[in-house]
Amino acid sequence: MAEDSTAKLADVKIDDEAETQRVDPWTVSASKAVNYDKLIAEFGSNKIDSALIERFERVTGQKPHIFLRRGLFFSHRELDEILTLYENKKPFFLYTGRGPSSGALHIGHLIPFMFTKWLQDVFDVPLIVQMTDDEKYLWRDISLDELKKITLSNVKDILACGFDVNKTFIFSDLDYVGQSNAFNVVILKIRKCITFNQVKGIFGFGDSDNIGKISFPAIQAAPSFSASFPQIFGNAKNIKCLIPCAIDQDPYFRMTRDVAPRLGYAKPALIHSQFLPALQGAQTKMSASDMNSSIYLSDTPNVIKKKINKYAFSGGRDTIEEHRKLGGDCSIDISYQFLTFFLEDDDELAKIEKGYTSGEILSGELKKRLIEILQEIVKTHQDQRSQITDDIAREFMRPRKLKYTY
């Protein structure tokens, strides 16, 4: 299917006799699990196949991340062109972001940042991280003062992933939009290229939506272009970027890719991730607004244990005898789904899948292994985050030149 930036959100709502699902920047829901192959078809993106993964390894000399090997980053737009740029020693940069909405991130929020950190280590390129605090103010009932506190807290969680201050610029829209004339000029140019009917069609805005929402997509689009950051890229205004993000953010960047040639800028490339499902089942993603659907990065080991044991949907059978005979269903078991994201050892994961499917491993044993892994990940994150002071965070957020020269 050809890429179509004007596709309405209604067009990405999939209905047939077997399933319904809706995926957009504000809603992720499905009658069963999200069907990612159908999303690729509807969004007009490309599947990350074994040939592209093999090329990634050949070009970079690095074993692909588990998120790539296991198909958790599953879709792309022009990732092949990024590999060609790397092969030819041509510049590009990474861009991702976060909409701050709660004081602590949940573990699903870590996924794009873990992967982005790995990509930055592999490619050794600049990273731009946008904190869309303005978006949250427009969409939610929250004060600007509270948003500033939440944004700084979220920045510390992101930086705990290990980003390098010499390679990374992270900014708050509420701060940077008022500081950078170049950023404002790019936003203005984008806005001039997009009609009200187009944003209504792409994002589903209605007559009762405030005008801030209608103009916001241009702000999320602008970091895709190196012209927005002259302090980093100088006069190099046409450097391509790669955006790691969850697939629900794709409508923003279909719009951006449509606008780019009209402005004389390079189209951004994208690499899309699946969603970490809610503990209660794969019908929706983990949400910061539901405490019991999420494992927060501030949770204690005991809270993690209680949440997994109580809320993680099981693909096991009703009785031990039945489970031993028929085995469990990994395709719906949330503990197993989480292990595909967070268990590094491919061999152990394969043994767990075989053992659970055969009935050798029980649901409680599967949950126990997941609890151990999540407790370790969260504890490590908390230790690293405790080292991130306000001053360190603000240095990452200071507009400045990075280590690269253009």
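Look above for the structure.
These numbers were taken from a predicted model, which means no experiment stands behind them. (Residues numbered from 1 in each chain as written. Predicted model: local features only at pLDDT ≥ 70, side-chain atom pairs only at ≥ 80, totals over all residues. Heavy atoms only, no water.)

A short note on the pairing of strand β7 (residues 127–131)
Each regular strand shows side chains that alternate between the opposite faces of the sheet.
Next up, step 1: Burial runs high along β7: five of the five residues are buried.
Next up, step 2: Here β7 shows no split at all, with Leu127, Val129 and Met131 on one side and Ile128 and Gln130 on the other all buried.
Next up, step 3: As paired strands, strand β6 (residues 92–98) and β7 are joined by five bridges and run parallel to one another. Paired with Thr96 across the bridge in β7 is Val129.
Next up, step 4: Note on the crossover from β6 through helix α5 (residues 107–123) to β7: the handedness is right-handed.
Next up, step 5: Summarising the sheet, β7 and strand β8 (residues 168–172) pair through five bridges and their orientation is parallel. Residue pairing for β8: Ile128 is matched across the bridge by Phe169. (Buried < 20%, exposed > 50% of the residue type's maximum accessible area, 1.4 Å probe, protein only. Helix = DSSP H or I, 4+ residues; strand = E, 2+ residues; numbered from the N terminus. Pairing = 2+ DSSP bridges. Right-handed = clockwise from strand over helix to strand, strands pointing away.)

Looking at the nonpolar core
Next up, step 1: The biggest cluster of nonpolar side chains holds 68 residues, and the ones touching the most others in it are Ile107, Phe123, Ile308 and Leu374.
Next up, step 2: Residues within four places of Leu374 in sequence aside, it is in contact with Ile107, Ile295, Ile304, Ile308, Phe338 and Phe342.
Next up, step 3: Residues Phe183, Ala221, Ile239 and Tyr404 belong to the second largest nonpolar core, which totals 41 residues. (Core = buried A, V, L, I, M, F, W, Y, C linked by side-chain atoms within 4.5 Å. Contact = heavy atoms within 4.5 Å.)

Quick look at the sheet that holds β6
Next up, step 1: With mixed pairing, the seven strands of this open sheet are ordered in space as β4-β5-β10-β9-β6-β7-β8. Two strands lie at the open edges of the sheet, namely β4 (46–47) and β8, each paired on one side alone.
Next up, step 2: Here strand β9 (residues 240–246) pairs with strand β10 (residues 269–273) via five bridges, running parallel. Among the inter-strand pairings, Leu242 is bridged to a residue of β10, identified as Ala269.
Next up, step 3: Strands β4 and β5 (73–77) of the sheet are contacted by helix α1 (residues 36–43), whose axis makes an angle of about 5 degrees with β5. (Axes fitted to C-alpha atoms, helices over the stretch in contact; angles between N-to-C directions.)

So, the pattern of salt bridges
Next up, step 1: Overall, the coordinates contain 23 salt bridges when judged by the stated rule.
Next up, step 2: A salt bridge links Asp250 to Arg77; the nearest nitrogen and oxygen atoms lie 2.7 Å apart. On the criterion of sequence distance, the pair formed by Asp250 in helix α13 (residues 250–263) and Arg77 in strand β5 is long-range, its members being 173 residues apart. For the residue pair Asp250 and Arg77, the accessibility class agrees, reading buried in each case.
Next up, step 3: For Arg262, the salt bridge goes to Asp258, with nearest N and O atoms at 3.9 Å. Pair noted here: Arg262 and Asp258 are both in helix α13, with a separation of four residues, about one helical turn.
Next up, step 4: Residues joined in a network through salt bridges with shared partners are Glu78, Glu81, Lys240 and Arg257. (Salt bridge = Lys/Arg side-chain N within 4 Å of Asp/Glu carboxyl O.)

Describing the packing of helix α11 (residues 211–221) against α13
Next up, step 1: Orientation of α11 relative to α13, taken along the N-to-C sense of each, is 75 degrees, at an axis distance of 9 Å. One finds that α11 runs roughly perpendicular with respect to α13. Contacts between α11 and α13 involve Phe216, Pro217, Ala218, Gln220 and Ala221 from the first element and Tyr252, Phe253, Met255 and Thr256 from the second.
Next up, step 2: Looking at the contact of α11 with α13 residue by residue, the class counts come to seven nonpolar, two polar and no charged. (Parallel < 35°, antiparallel > 145°, perpendicular 65-115°, else oblique. Nonpolar A, V, L, I, M, F, W, Y, C, P; charged D, E, K, R; others polar.)

Section: a nonpolar patch on the surface
Next up, step 1: On the surface, Tyr137, Leu144 and Leu174 cluster together into a nonpolar patch covering about 240 Å² of accessible area.
Next up, step 2: When you line up the elements, Leu144 lands in helix α7 (residues 144–159). (Patch = residues over 30% accessible without salt bridge, like charges linked within 9 Å, V, L, I, M, F, W, Y side chains within 5 Å. Areas by Shrake-Rupley, 256 points an atom, 1.4 Å probe, with all protein chains shown as cover.)

Description of the environment of Leu326
Next up, step 1: Structurally, Leu326 can be placed in helix α15 (residues 320–326).
Next up, step 2: If we skip the residues at most four places from it in the chain, Leu326 touches Arg317 and Thr357.

Some details on the packing of helix α16 (residues 334–342) against helix α18 (residues 363–385)
Next up, step 1: Contact geometry of α16 with α18 gives a least axis separation of 10 Å together with a crossing angle of 40 degrees. Taken as axis vectors, α16 and α18 run oblique relative to one another. At the point where α16 passes α18, the crossing takes the left-handed sense. Touching Ser335, Tyr336, Phe338, Leu339 and Phe342 of α16 are Leu366, Lys367, Leu370, Ile373, Leu374 and Ile377, all from α18.
Next up, step 2: When the residues that make up the contact of α16 with α18 are grouped by side-chain class, the tally is nine nonpolar, one polar and one charged. (Left-handed = near helix turned anticlockwise from the far one by under 90°.)

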